[in-house]
Amino acid sequence: MPDTTTRGATLSPAELTALRKHVVHTADGRLAPTASAKPRTVEDFLTTAEDVKRMIETDLADFVAQQAKKTPAGEVPPPVPVLIWAHGGLTDKAAGLLTAQRQVAWWKKNGVYPLHLVWESGFKTTLEDVLRAKPGKRGFTDVTDLAVEAAARVLGGRKFWDDMKLDSAGACLPPVGKGAPGGAFVLASALRSYMAANSGAIELHIAGHSAGSIYHSHFVPRLFEGDDKVESVKSVTFLAPAVRVDTFEATLLPLAETGRIENLSIFTMNEDQEKRDNTAGVYRKSLLYLVSRAFEAEKDAEILGLEAHLRRSGRIMAYLDDASERLVLGPVARGRLSSTQATSHGAFDNDEQTMMSLARRVVGVPDSDEPDHVAVFPSRTREVGEFTPSPRPEPTGARGAAPRKLALCIGIDAYPRDPLSGCVADATSWADALGDAGFKVESIHNADATRDGILRAMLDKVSSARDGDIVAIQFAGHGTFAPDLDGDETDEFGPKDEALCPIDFRDGQLIIDDDLGAIWDAIPDGVAVTLFFDSCHSGSANRQITPEEFESRKIPAGATPRMTVLDADEEAAFRGERAASPKDEFRLEAWKEVVKVETNRAAVQRAQRVDGREVLFSACQPDQVALETNGHGVFTSAALTVLAKTPALTNGDFVRAVFDIVDDTYEQRPMLSATSELSARGLLTSVHDALPTAASVAVETNGHRAPAEMRTAAIVAILRATADLLEAGGN
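Cut-offs applied
Residue indices follow the written sequence of each chain, beginning from 1 at its first position. Per-residue local features of the predicted model are confined to residues with pLDDT of at least 70, and side-chain atom pairs are confined, for both listing and counting, to 80 or more; whole-chain, interface and lining totals are unaffected and use all residues. Note: side-chain values were computed over all heavy atoms of the structure, leaving out hydrogens and water. Counting from the N terminus, the helices are the DSSP runs of H or I reaching at least four residues and the strands are the DSSP runs of E reaching at least two. Buried means the residue's accessible area, taken with a 1.4 Å probe over protein chains only, is under 20% of the maximum for its type, while exposed means over 50%, and partly exposed covers the values in between. Should any heavy atoms of two residues lie within 4.5 Å, those residues are counted as being in contact. Accessible areas in this description were obtained via Shrake-Rupley with a 1.4 Å probe; residue shielding takes into account the shown protein chains only. Lines fitted to the C-alpha atoms define the axes, with helices restricted to the stretch that makes contact. Angles between their N-to-C directions range from 0 to 180 degrees. An angle below 35 degrees is read as roughly parallel, one above 145 as roughly antiparallel, one from 65 to 115 as roughly perpendicular, and any other as oblique. Residues are grouped as follows: Ala, Val, Leu, Ile, Met, Phe, Trp, Tyr, Cys and Pro are nonpolar; Asp, Glu, Lys and Arg are charged; all remaining types, including Gly, are polar. A strand pair is defined by DSSP finding two or more bridges across the two strands. In what follows, salt bridge is the name for a side-chain nitrogen of Lys or Arg lying within 4 Å of a carboxyl oxygen of Asp or Glu. Ring geometry is summarised as follows: Phe, Tyr and Trp rings, the Trp one being its six-membered ring, pair when their centres sit within 6.5 Å, and such pairs are stacked at plane angles under 30 degrees, edge-to-face over 60 and tilted between the two. Criterion for a charge above a ring: Arg CZ or Lys NZ at most 6 Å from the ring centre, at most 35 degrees from the ring normal.

Q: Explanation requested: the overall build of the chain in the structure shown.
A: Helix and strand counts for the chain stand at 25 helices and 20 strands. When the 731 residues of the chain are sorted by exposure, 59% land in the buried category. Sequence-distant contacts, at least 24 apart, represent 77% of the contacts inside the chain between residues at least 6 apart. Accessible surface, the chain: about 27900 Å² in total, of which carbon and sulfur atoms supply 50%.

Here it is, written out as structure tokens:
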């Protein structure tokens, strides 16, 4: 995914017209219904199905005829190599065309006919927004890699990565319903027809950089379909491939193992170099690590271009090890067929040694010291906006420095359709109490409490903390259920995720458990984080109430539930915001193709942290509803009462004390989710503080005791949550 947005570089109308013989352009996988034969601007450059057929039947045929004239009389002309190139996901249309223009003459000079697949993606803009932040928003320029991964995961990166996959899969689809086929499907059909009618005239070579490997994983199998299927593809070469290992194993590896792909090779960086690379001067590893840890459905998805992941696949390594030239880990000088000096993810398609090795493989130069006549690759100083700044070192806090207390208080009453009345008051009261306890407090209320604003503020608090700091985050507002997009919350009640409701939640802007988990995963070492969530379904992994049960539940007089249920349109909006949205039948079929070959997609659930850094106080048990009454949340009123009377409690004692004074009328019992070690630690204390002793704790309540069975149920729930965490940590 090299970032190849042009900086002022332009193509003339004459250059654009010449590229119509070599470029197949698609948008959302589709060809255009009409196109100008003489485009004057990049925006004017489009490709139709007739253009694709003309490229093969006329333009390629003419080139083959010209090459045949170079063959001595009486000899059979050798097959003409046809190179089909797919660029990466950070390349926009203009840059894709510019790359094609710079390479076409070089390939043709070497007797190769190039075809460039130029496909549009909005991923580059999304990545820049996440890493550098939009004007006026929080940026992430001095944070840990974990924080960058969290930001990339929760602030839109996955949606656009999935959408990019949809574009590549859609380009390779046959007609769906009454619609037209994808652009690459048309190309595959045209190549098959030409090769069937002109046996031995051409041979096919496939090359892709980064996400281009995803495109080719869907394209190459189309060449082996139908009555006119090709006998073989001469070579497939991937440069720093971003395709998933499971997708590769499902699509291309079987073709290579059976010899239908005669030679499949991978050029990528060795593991040390991947970790020396950087993305945007912010993330301190190569972009492939960010893809694996933030953009795929499951965290730490295995990516073909990462050496560590590649070597875990015995099947892939068995194939690659069968011939030494099949895996090139750079930077390395290993003869003229297997050399690369690319030292960053985006450098492979502009590295002279890499591209010369590729060209020599395509034209059939032997791996020897004999002179060859391959024209030198026209590498250049990039005029394009590749991310090049050197990254800052990982931020660290000096040991022994006075711990800071940082707090974020969030309250939302002004929901347009189902307003509340005590959440802003809760946030204000928590801010006052935490401020009195020495915390530096930031507050977000109502219109400012958007999904983006809340998540950025949470991540800012977590990522800016240092060893010894104490962070408190409070939320008061609605909770709800959301469609589970990963399959990690499927249970007897159906596939649902728990979610917090920002002010804009009805537009699909929910905060689900996975978002919060990504942020908690970014907690730096030595930082204590305590969460007070006064809403329904605030983070429990053991949900025991359904939307139907909630709607039929009797709410006490004078109380309002902090829970709402999404309708079908709102669920659809959530899906559209959070994952690639199959807007029509064509895109839906493309999505099915993507998921079908991602056999490990979301197979590994996110493990909760068990290293003693996060504590969650939830307003109610998994089968209960959080309520507000008399201008405040029931949980908040009880919690602040306990905090004011007896601040020096352990976390476990705090939840028990709050439990004791909640009025039984509300059938609401708070819940603690924490490790056993954290349960025994002092409330809102540093991880370096000594554990409080039992003798030092005197729990004050208002004298009200919950029924014994209620208290037992709460303790069982706490123990169950602890057991779940310990079990997750042991797996």
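Read on for the rest.
Q: Any chance you could explain the packing of helix α6 (residues 157-171) against helix α21 (residues 585-596) here in plain terms?
A: When two helices pack together, their arrangement is given by the angle between the helix axes and by the axis-to-axis distance. At a minimum axis separation of 8 Å, α6 and α21 run at an interaxial angle of 100°. Comparing their axes, α21 and α6 come out roughly perpendicular. For the pair formed by α6 and α21, the contact residues are D162, D163, K165, L166, D167, A169 and G170 on the first element and F586, R587, A590, W591, E593 and V594 on the second. Considered class by class, the residues forming the contact of α6 with α21 number six nonpolar, one polar and six charged.

Q: Whenever I open this one, the sheet that holds strand β19 (residues 632-633) confuses me. Can you help?
A: Sheet strands associate in pairs through backbone hydrogen bonding, adopting either a parallel or an antiparallel arrangement. Spatially, three strands are ordered β16-β18-β19 in an open sheet, and the strand pairing comes out antiparallel. Taken across any chain shown, the strands that pair with only one partner, and hence form the sheet edges, are β16 (560-561) and β19. With two bridges joining them, β16 and strand β18 (residues 627-629) adopt antiparallel strand pairing. Residue pairing across strands places T560 opposite E628, the latter belonging to β18.

Q: Quick question: what am I supposed to make of the pattern of salt bridges here?
A: Scanning the entire structure with this criterion turns up 43 salt bridges. Where R562 meets E628, a salt bridge forms, and the shortest distance between an N and an O atom there is 3.0 Å. Separated by 66 residues along the polypeptide, R562 in the loop between β16 and α20 (568-578) and E628 in strand β18 bring together distant segments of the chain. The pair formed by R562 and E628 is uniform in burial state, with each residue classed as buried. A salt bridge links K592 to E589; the shortest N-O distance between them is 3.3 Å. Placement of the pair is K592 and E589 together in helix α21, with a separation of three residues, close to one helical turn. Connected via shared salt-bridge partners are K165, R244, D246, E296, E298 and E598.

Q: It is not clear to me how the packing of aromatic side chains should be interpreted in this structure. Could you clarify?
A: Pairs of aromatic rings are described using the distance from one ring centre to the other and the angle between the two planes. Going through the model one piece at a time under the given rule, you end up with 11 aromatic pairs. Considering the side-chain rings of W106 and W107, the 4.5 Å spacing of their centres and the 55° angle between planes classify their relative orientation as tilted. The two residues W106 and W107 agree in class, both being buried. Put simply, the rings of W430, F532, F617 and F654 touch in pairs and so form one group of aromatic residues. A cation over an aromatic ring shows up here: R326 above the ring of Y319, its NZ or CZ 4.0 Å from the ring centre.

Q: Even after reading the chapter, I still don't get the sheet that holds strand β10 (residues 470-476), so can you show me in this structure?
A: Strand order across the open sheet formed by six strands is β9-β8-β10-β15-β17-β20, with mixed pairing between neighbours. Each of the sheet's edge strands pairs with one partner strand only, and the pair in question is β9 (440-445) and β20 (671-673). When the angles between neighbouring strand axes are averaged without regard to direction, this sheet yields 15°.

Q: Even after reading the chapter, I still don't get the pairing of strand β17 (residues 614-618), so can you show me in this structure?
A: If a strand is regular, its side chains alternate between the two faces of the sheet. The buried fraction of β17 amounts to four of the five residues, a majority that puts the element mostly inside the structure. Inspection of the sheet shows strand β15 (residues 528-534) paired to β17 by five bridges, in the parallel sense. In the strand pairing of β17, F532 is matched with F617. Direction of pairing for β17 relative to β20: antiparallel, over a ladder of three bridges. When the sheet's bridge partners are listed, S618 is paired in β20 with M671.

Q: Looking at this structure, I do not really get unusual backbone geometry. What am I missing?
A: Leaving glycine out, the prevailing phi sign among residues is negative, and the prevailing peptide bond configuration is trans. In this structure, P331 follows G330 across a cis peptide bond, with omega equal to 0°. Within the element layout of this structure, P331 appears in the loop between β7 (327-330) and α15 (352-363). A positive phi angle, near 45°, is found at A240, a position not held by glycine. Although it is not a glycine, D300 sits at a positive phi angle of roughly 65°. With respect to the helices and strands, D300 occurs in the loop between α12 (287-295) and α13 (307-310). D300 sits in the partly exposed class, given a relative accessible area of 43%.

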